[in-house]
Amino acid sequence: MSKIFDWQLVFTEIPLLLKYLPVTIQLTLIALIIGWVAGLFIAIVKIHRIPVLQQLCTLFVSVVRGTPIIVQLYLTYFGIPIFLKYYNFYNGTSYNVNGIPPIIFAIVALGLNQSAFDSETIRAAIQSVEKGQVEAAKSLGMNGLQIFYRVLLPQAVTVAIPSLGNSLIGLVKGTSLAFTCSVVEITAQGKILAGNSYRYFEVYCSLAIIYWVITIFIERLFTYIEKKMSVPEQIAEKKEA
Amino acid sequence: MKRDRLKKAIVGVLGAATILGALSGCSNSQKPAETTTAKASEESKKEETSSVAAQSGSETTAAAEPVTIYAATGGSPKPFTFVDSSNQLTGHNIELIKAIFDRLPQYKLEIEVTDFPSIFAGLDSDRYQIGVNNFAKNEKRKEKYLFTDPIFANEYVAIFAKDNKKAESINTWEDLSGLKTISQSGINITTALENYNAANPQKAINIEYSDEDLVLQIQDVEAGKYDFVLMDKPMFEYYEKEFNFNVTGVSISSDVAKDLMEEPYSYLIVSKGNEKLVEDLNQALKEVIEDGTSKEINLKWFGSDYSPSYK
């Protein structure tokens, strides 16, 4: 029964895993930006009930929210080459998908996944702003963009922040699946390390610690932002200044 | 209001058209980009990137520059394939495939480490051309993938808890019938078990599937949750050294294994449409085995020679 659990390894492996933290952060940040931008777009389409686009967006959100992220990673990473294979076959072309770095697929898949979840948050947040305010802004002669930036966005962001923080935490953990696309981030590196030492359990403990710390950091950050934004007096003061 | 609705409809249709255009344009917009890169490299290196054309069977015989072949491995289990402490991919399978490609100057080998199930998905989509992960053969896999000649003659051990009396009476696969085991889907041992069960439905072994780590599986055997767990013999020796389990390994006599399973070997698997590649690989593999390179690699990793023989 000796050495079933090597607790020292849990801590000695952390620095080795942290070498790949930049990859995790890169995946998270870019996917986050894609998610917010695309999410905002979808939210606007849904709020304004723009025909055709709205149906497409609803379908997209439904599919993305209704399938596990690992399946989506598979579909993008392996579906596109299959599509290209057929395309090449029928058109006599020879495009090679291996020219595109795998991390792009992971980022796109994660970003689109994020956008589907965030779009609902953003839509709810924008709709939480009273209609009267929009009408008031209209009567002051603001145009659509102005209303959006000056009236809707500041208030909607305050409402959306907690949920967006929540889904960001989900995204961070979603990046741990990027190994399916051959992207080596911290979880993948953990699996690789364990492949050498056979000590999977220890590596997963190290990973748990790392993800937990990252999550605590994000929680703190969002609590701070929330505090900053939720005090109306402060916003007013800033505007006057 | 009517005008508003009309405006929205127009925006919607135009927007949808743009998105659909962009989506379908993914292939189109990639086209110019891809062709320009292809052209660029054609000019500078002459057809280095034409790998896909060569792979899909059109066989560019004139290609002077090596064709890049992408191989995928899961990076486990050690000692077949793993990344060592200096971050180098190594192991028996890896050294062997490198030795094979040393004899094939017409190809350039790129090995990628990926999640194990991704190897299959990658082969399906021809993202990877070779899977190198000590793969065993079964009927279904034969339909989907091409197999090289055997690269490794496997020996299996059944791991029992030390106090398990059943271990003493095990010599053959049939002795295992009715016992309960645990295995990960897709790996060679599971394939071997499934092959046995398919051939002997009345004397089947109970397989429970799990993605559980092997260490936990062995612990479960120690604890009596399962009767035994099947492992590659060389791998078990590594695990014994590392963990010092309270278990015994019973070698399943390989003659019986051969009788029952016809093929207790490991192979490289190759995605469909690369028949020429398989031919070349087999040619080089034969050289590697006959000139003793394979034996050397085996001795290095396992202490004894598991090379398949040509008879």
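For chain B, an unreviewed UniProt entry supplies the name Polar amino acid transport system substrate-binding protein and the organism Lacrimispora xylanisolvens.

For chain A, an unreviewed UniProt entry supplies the name Amino acid ABC transporter membrane protein (PAAT family) and the organism Lacrimispora xylanisolvens. Recorded under Sequence similarities (unreviewed entry), the UniProt text for chain A is reproduced unchanged: "Belongs to the binding-protein-dependent transport system permease family."

Quick look at the overall build of chain B
Of regular secondary structure, chain B possesses eleven helices and 13 strands. Across the 311 residues of chain B, 43% fall into the buried class. The long-range fraction of contacts in chain B, counting pairs at least 24 apart against all pairs at least 6 apart in sequence, stands at 74%.

Quick look at the UniProt feature "transmembrane region" (unreviewed entry) in chain A
Residues and elements named next belong to chain A. Residues annotated in UniProt with the feature "transmembrane region" (unreviewed entry) correspond here to residues 20-44, 56-75, 95-113, 147-169 and 201-222. The distance from the first to the last C-alpha atom of residues 20-44 is 36 Å, and the span holds 96% helix and 0% strand. The span residues 147-169 carries 100% helix and 0% strand; its end-to-end C-alpha distance comes to 31 Å.

Comments concerning the pairing of strand S10 (residues 206-209) of chain B
Residue and element names in this part refer to chain B. Alignment of strand S9 (residues 180-183) against S10, held across four bridges, turns out to be parallel. Residue threonine 181 lies in a different strand from S10, and its bridge partner there is isoleucine 207. Regarding topology, helix H6 (residues 188-199) serves as the crossover connection from S9 to the parallel S10, and that connection is right-handed.

What to know about the interface of chain A and chain B
Contacts between the two partners involve 34 residues from chain A, matched on the other side by 46 residues from chain B. Of all the secondary-structure elements, those providing two or more residues to the side of chain A that touches chain B are helix H3 (53-66), helix H4 (69-91), helix H8 (186-197) and helix H9 (200-230) of chain A. It is H4(A) that contributes the most residues to the side of chain A that touches chain B, seven residues altogether. In terms of residue class, the side of chain A that touches chain B is built from 20 nonpolar, twelve polar and two charged.

As for H8(A)
Every α-helical turn comprises 3.6 residues, leaving residues that sit three or four positions apart pointing alike. Here H8(A) spans 16 Å end to end across twelve residues, near enough to the 16 Å set by a 1.5 Å rise per residue. With ten of its twelve residues buried, H8(A) lies for the most part within the structure. Along H8(A), the residues that are buried comprise Ile186(A), Thr187(A), Ala188(A), Gln189(A), Gly190(A), Lys191(A), Ile192(A), Leu193(A), Ala194(A) and Gly195(A). Buried-residue contacts for H8(A) involve helix H1 (7-18), helix H2 (21-47) and H9 of chain A together with strand S2 (82-83) and strand S4 (107-113) of chain B.

What about unusual backbone geometry?
Backbone phi values are negative for most residues with the exception of glycine, while trans is the configuration of most peptide bonds. All names here are of chain B. Residue proline 77 is bonded to the preceding serine 76 through a cis peptide linkage, with omega at 10°. The residue proline 77 is located in the loop between strand S1 (67-73) and S2 in this model. Residue proline 79 follows lysine 78 across a cis peptide bond; omega there is 5°. Mapped onto the secondary structure, proline 79 falls in the loop between S1 and S2.

A closer look at the UniProt feature "domain: ABC transmembrane type-1" (unreviewed entry) in chain A
Under the feature "domain: ABC transmembrane type-1" (unreviewed entry), the UniProt entry names residues 21-222 of chain A. Here residues 21-222 of chain A runs as 82% helix and 0% strand, with 20 Å between its end C-alpha atoms.

Topic: the nonpolar core
Grouped together as the largest cluster of nonpolar side chains are 126 residues, with contacts concentrated most on Ala106(A) and Ile159(B). Counting residues per element, this core draws most heavily on helix H5 (residues 102-127) of chain A, at ten residues. Each of domain 1 (51-153 + 266-302) and domain 2 (156-261) of chain B gives at least three residues to this core. Discounting chain neighbours no more than four positions away, the residues touching Ile159(B) are Ile218(B), Val221(B), Phe228(B), Val229(B), Met231(B), Phe236(B), Val247(B) and Gly249(B).

A short note on H3(A)
Residue and element names in this part refer to chain A. If you check H3, its first and last C-alpha atoms are 19 Å apart, about what 14 residues at 1.5 Å a residue would give, namely 20 Å. All of the buried residues along H3 are Leu53, Cys57 and Val61. One face of H3 carries all of its buried residues, which in axial projection span an arc of 65°. In H3, those exposed residues whose orientation departs by more than 90 degrees from the buried face are Leu59, Ser62, Val63 and Gly66.

Describing the packing of H3(A) against H5(A)
All names here are of chain A. Packing of H3 against H5 brings their axes to within 9 Å, and their N-to-C directions diverge by 115°. It follows from the interaxial angle that H3 and H5 lie roughly perpendicular. Here H3 runs over H5; the crossing is left-handed. Contact with H3, carried on its side by Phe60, Val61, Val64 and Arg65, involves Leu112, Asn113, Ala116, Phe117, Ser119 and Glu120 of H5 and no other residues of that element. Looking at the contact of H3 with H5 residue by residue, the classes come out as six nonpolar, two polar and two charged.

Description of the domain arrangement of chain B
All names here are of chain B. Domain annotation of chain B identifies domain 1 (51-153 + 266-302) and domain 2 (156-261). The interface is formed by eleven residues belonging to domain 1 together with nine residues belonging to domain 2. Class assignment of the residues belonging to the side of domain 1 that touches domain 2 gives a composition of seven nonpolar, three polar and one charged.

Some words on the confidence of the model for chain B
Caution applies to low-pLDDT parts of the model: their predicted coordinates are not meant to be read in detail. Residue and element names in this part refer to chain B. With 80% of its residues at a pLDDT of 70 or more, chain B shows a mean pLDDT of 79. When pLDDT is averaged over each helix and strand of chain B, the minimum, 42, is found for helix H2 (residues 51-58) and the maximum, 94, for helix H3 (residues 92-102). As a predicted assembly, this complex carries a pTM of 0.76 together with an ipTM value of 0.75.

Cut-offs applied
Residues numbered from 1 in each chain as written. Chains lettered and ligands numbered in written order. Predicted model: local features only at pLDDT ≥ 70, side-chain atom pairs only at ≥ 80, totals over all residues. UniProt positions renumbered as here; feature names shortened; annotations may be inferred. Helix = DSSP H or I, 4+ residues; strand = E, 2+ residues; numbered from the N terminus. Buried ≥ 20, exposed ≤ 12 C-beta atoms within 10 Å, placed from the backbone. Contact = placed C-beta atoms within 7 Å. Pairing = 2+ DSSP bridges. Right-handed = clockwise from strand over helix to strand, strands pointing away. Nonpolar A, V, L, I, M, F, W, Y, C, P; charged D, E, K, R; others polar. Expected span 1.5 Å × (residues − 1). Core = buried A, V, L, I, M, F, W, Y, C linked by C-beta atoms within 7 Å. Domains from an automatic or database assignment. Arc of directions from axis to C-beta. Axes fitted to C-alpha atoms, helices over the stretch in contact; angles between N-to-C directions. Parallel < 35°, antiparallel > 145°, perpendicular 65-115°, else oblique. Left-handed = near helix turned anticlockwise from the far one by under 90°. pLDDT = per-residue confidence, 0-100.

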